[in-house]
Amino acid sequence: MKKVLIITYYWPPSGGAGVQRWLKFAKYLPQFGWEPVIYTPENPDFAVEDNSLQKDISPTLKVIKSHIWEPYEIYKFLIGKKGQKVNVSFAEGNKKQGKIHKLALTIRGNLLIPDPKCFWIQPSVKLLQEYLKKNPVEAIITTGPPHSMHIIGRKLHKKTNIPWLADFRDPWTNIDFYKELNLTYIADKIHHRAEKSVLKNAQKVVSVTPTWCRELSELTGRQVDLVHNGYDDEDIIKTDKAVDPDFSLVHIGSLNAARNPKTLWLALSEMVKVNTELAATLKIRFVGNVEPVVLQSLDELGLTKYVDRIGYMPHADAIAFQQTSTILLLLVNNTPNANGILTGKFYEYMASERPILVIGPDRSDVATLLDETKAGLIAGFDDLEGTKRVVHQLFEKYKSGKLNSESQNYQQYSRKNQCAVMAGLLDEIVK
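Residues numbered from 1 in each chain as written. Predicted model: local features only at pLDDT ≥ 70, side-chain atom pairs only at ≥ 80, totals over all residues. Heavy atoms only, no water.

Of the strand pairs in this sheet, strand β12 (residues 356–359) and strand β13 (residues 376–379) are connected by four bridges, and their pairing is parallel. Residue pairing for β13: Leu-357 is matched across the bridge by Leu-377. Handedness of the crossover is the feature at issue here: the chain leaves β12, passes through helix α13 (residues 365–373), returns alongside β13, and the resulting connection is right-handed. (Pairing = 2+ DSSP bridges. Helix = DSSP H or I, 4+ residues; strand = E, 2+ residues; numbered from the N terminus. Right-handed = clockwise from strand over helix to strand, strands pointing away.)

So, in structure tokens, the structure goes:
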């Protein structure tokens, strides 16, 4: 069996979305002739912990860990949260912390290139170069963000000539918060130069949506292959619990300012004033971290009494919870790169076989997949009347007891089937 070294920042016990893609691919790669070897930090700074993910790690899997230094403790000290788990990507709730957060973003973008994990690059290259002399592999995979993983891969490939695949789970210079980094002209050039160097030097470049593949391809003119995220059949254990009797809109995962669906909240606030049945049954449930600005929007529109904050759930529990939700809410970031946003959560929503309500652009990758699989409905970011119409349609089906999922043809997006695509690309680069 051929061996592949996978360089990833996110690995259990880290929870959240970033860990899922390569945790699942590492699980299924041996079925396609590839034995994974994981390289990851031993002391990463992550906001949530999810020990339930350990079940997907084979006891025979080789995991190499090394110490990483990250500057987050300085940031936490400045905001008075030293030693705590903090989601540093979220803007803070008060003005003082907001100013510190903005300053931290500026420092991060201009001095910590490509990201705060940059201090791990050289130690990792040195360690892995020595490791590979005694433990050869046929290929190397890097997955980002953080894009420091790609810089490690580029340097390691240059030193060893081992074929290398770079996997972009999110864009680099086209990521939604890139402009918030307050980059100088020079820093912006350095980011773009480093990005193009990765794209030019990797034997294969992969991304997760058609739009992002096209955008990355346009930067250098090279082919970028599509390997979707997906859902794991083994996670979708059908529950015998009844569906929530309330008309509940359930959002699972982190919810920040860019995903705050102000038009949806406005539509609901206007509808509950004239529809007593909706007002009596409406619930807005959040499973995961919610940024204060979202709660403020709901409060200003008088919707706080309908909100149920459940907090973070282990992945297995979240999957089970999805299956009993009335409607699953998928909120796309309202940013310039919105057309290419297609989160792993969407695939798990589909496999849960509950209706999905998407708030996002109607000419986008998620809209295309939604239409292909008949998994739900979509309303535009600023389309108030369209949003009301979609919510009314769902509510009428709910009242008649006919609000069921119509998902079809989504099985091709299982993690195992997508892993087969990834393994095929690996086979190509080692021929």
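Back to the text.
Looking now at the pattern of salt bridges. Counted under the stated rule, the structure contains 23 salt bridges. With a shortest N-O distance of 2.7 Å, Lys-24 and Asp-235 are connected by a salt bridge. Separated by 211 residues along the polypeptide, Lys-24 in helix α1 (residues 20–28) and Asp-235 in the loop between β7 (225–226) and β8 (247–252) bring together distant segments of the chain. When sorted by exposure, Lys-24 lands in the same class as Asp-235, which is buried. With its nearest N and O atoms 3.1 Å apart, the salt bridge here joins Glu-277 to Lys-399. With Glu-277 in helix α9 (residues 276–281) and Lys-399 in helix α14 (residues 384–399), this pair connects stretches of sequence that are 122 residues apart. One salt-bridge network, held together by shared partners, links Lys-24, Lys-27, Lys-55, Asp-56, Asp-232, Glu-234 and Asp-235. (Salt bridge = Lys/Arg side-chain N within 4 Å of Asp/Glu carboxyl O. Buried < 20%, exposed > 50% of the residue type's maximum accessible area, 1.4 Å probe, protein only.)

Attention shifts here to helix α4 (residues 121–134). Taking 1.5 Å per residue as the helical rise, α4 with its 14 residues ought to reach 20 Å, and the 21 Å between its terminal C-alpha atoms agrees with that figure. Those residues of α4 lying buried are Ile-121, Ser-124, Val-125, Leu-128, Tyr-131 and Leu-132. Down the axis of α4, the sector holding all buried residues measures 135°, keeping them to one side. Residues of α4 that are exposed and angled more than 90 degrees away from the buried face: Lys-126, Lys-133 and Lys-134. Residues of α4 that are buried make contact with β1 (2–7), β2 (34–41), β3 (62–66) and α5 (148–160). (Expected span 1.5 Å × (residues − 1). Arc of directions from axis to C-beta. Contact = heavy atoms within 4.5 Å.)

Let us now look at the nonpolar core. By size, the foremost hydrophobic cluster in this structure holds 59 residues, and its most contacted members are Phe-247, Trp-265, Leu-268, Phe-346 and Leu-357. The residues contacting Trp-265, other than those within four sequence positions of it, are Asn-260, Ile-284, Phe-286, Val-294, Ser-297, Leu-298, Leu-301, Leu-303 and Leu-329. Counting residues in each nonpolar core, the second largest holds 34 residues, with Ile-64, Leu-112, Trp-164 and Leu-216 among its members. (Core = buried A, V, L, I, M, F, W, Y, C linked by side-chain atoms within 4.5 Å.)

For the rest of this paragraph, the subject is the packing of aromatic side chains. For the coordinates displayed, the defined rule picks out 11 aromatic pairs. Taken together, a centroid distance of 5.0 Å and an interplanar angle of 85° make the contact between Tyr-9 and Tyr-10 edge-to-face. Judged by relative accessible area, which is 2%, Tyr-9 ranks as buried. Taking the centre distance of 5.1 Å and the plane angle of 80° together, the rings of Phe-247 and Phe-395 count as edge-to-face. Of this pair, Phe-247 sits in strand β8 while Phe-395 sits in helix α14; the two residues are 148 residues apart in sequence, bridging distant segments of the chain. Across the pair, exposure class does not vary: Phe-247 and Phe-395 are buried alike. These aromatic residues form a ring-pair network of at least three members: Phe-247, Phe-395 and Tyr-398. (Phe/Tyr/Trp six-rings, centres within 6.5 Å; stacked < 30°, edge-to-face > 60°.)

The next point concerns a nonpolar patch on the surface. On the surface, a cluster of nonpolar side chains totalling about 300 Å² of accessible area is made up of Leu-103, Ile-107 and Leu-111. Mapped onto the secondary structure, Leu-111 falls in helix α3 (residues 95–111). We classify Leu-111 as exposed; its relative accessible area is 65%. (Patch = residues over 30% accessible without salt bridge, like charges linked within 9 Å, V, L, I, M, F, W, Y side chains within 5 Å. Areas by Shrake-Rupley, 256 points an atom, 1.4 Å probe, with all protein chains shown as cover.)

Running from amino to carboxyl end, α1 crosses helix α15 (residues 415–429) at an angle of 80°, the nearest separation of the two axes being 9 Å. It follows that α1 is roughly perpendicular to α15 by the angle criterion. Packed against α1, whose contacting residues are Gln-20, Arg-21, Trp-22, Lys-24, Phe-25 and Tyr-28, the element α15 presents Arg-415, Lys-416, Gln-418, Cys-419 and Met-422 at the interface. Of the residues contributing to the contact of α1 with α15, the split by class is five nonpolar, two polar and four charged. (Axes fitted to C-alpha atoms, helices over the stretch in contact; angles between N-to-C directions. Parallel < 35°, antiparallel > 145°, perpendicular 65-115°, else oblique. Nonpolar A, V, L, I, M, F, W, Y, C, P; charged D, E, K, R; others polar.)

Of note, the bond from Pro-12 into Pro-13 is cis; its omega dihedral lies within 30 degrees of zero at 15°. Relative to the elements of secondary structure, Pro-13 occurs in the loop between β1 and α1. Residues Pro-145 and Pro-146 are joined by a peptide bond in cis, for which omega reads 0°. Along the chain, the position of Pro-146 falls in the loop between β4 (139–144) and α5. Even without glycine at this site, Asn-182 takes up a positive phi of about 50°. By relative accessible area, which is 34% here, Asn-182 ends up partly exposed.

Together, Lys-189, Arg-193, Lys-196 and Lys-200 make up a positively charged patch on the protein surface. By relative accessible area, Lys-189 is classed as partly exposed at 41%. (Lys, Arg positive; Asp, Glu negative; His and termini not counted. Charge placed at Lys NZ, Arg CZ, Asp CG, Glu CD.)

Turning to the sheet that holds β1, a few remarks are in order. Taken together, seven strands build an open sheet; the order of strands is β3-β2-β1-β4-β5-β6-β7 and the sheet is parallel. Each edge of the open sheet carries a strand with a single partner, namely β3 and β7. Where strand β6 (residues 204–207) lies against β7, two bridges are found, and the strand directions are parallel. Across the sheet, the residue bridging to Ser-207 is Leu-226, located in β7. The sheet contacts of α5 involve β1, β4 and β5 (164–168), and relative to β4 the element is tilted by about 160°.

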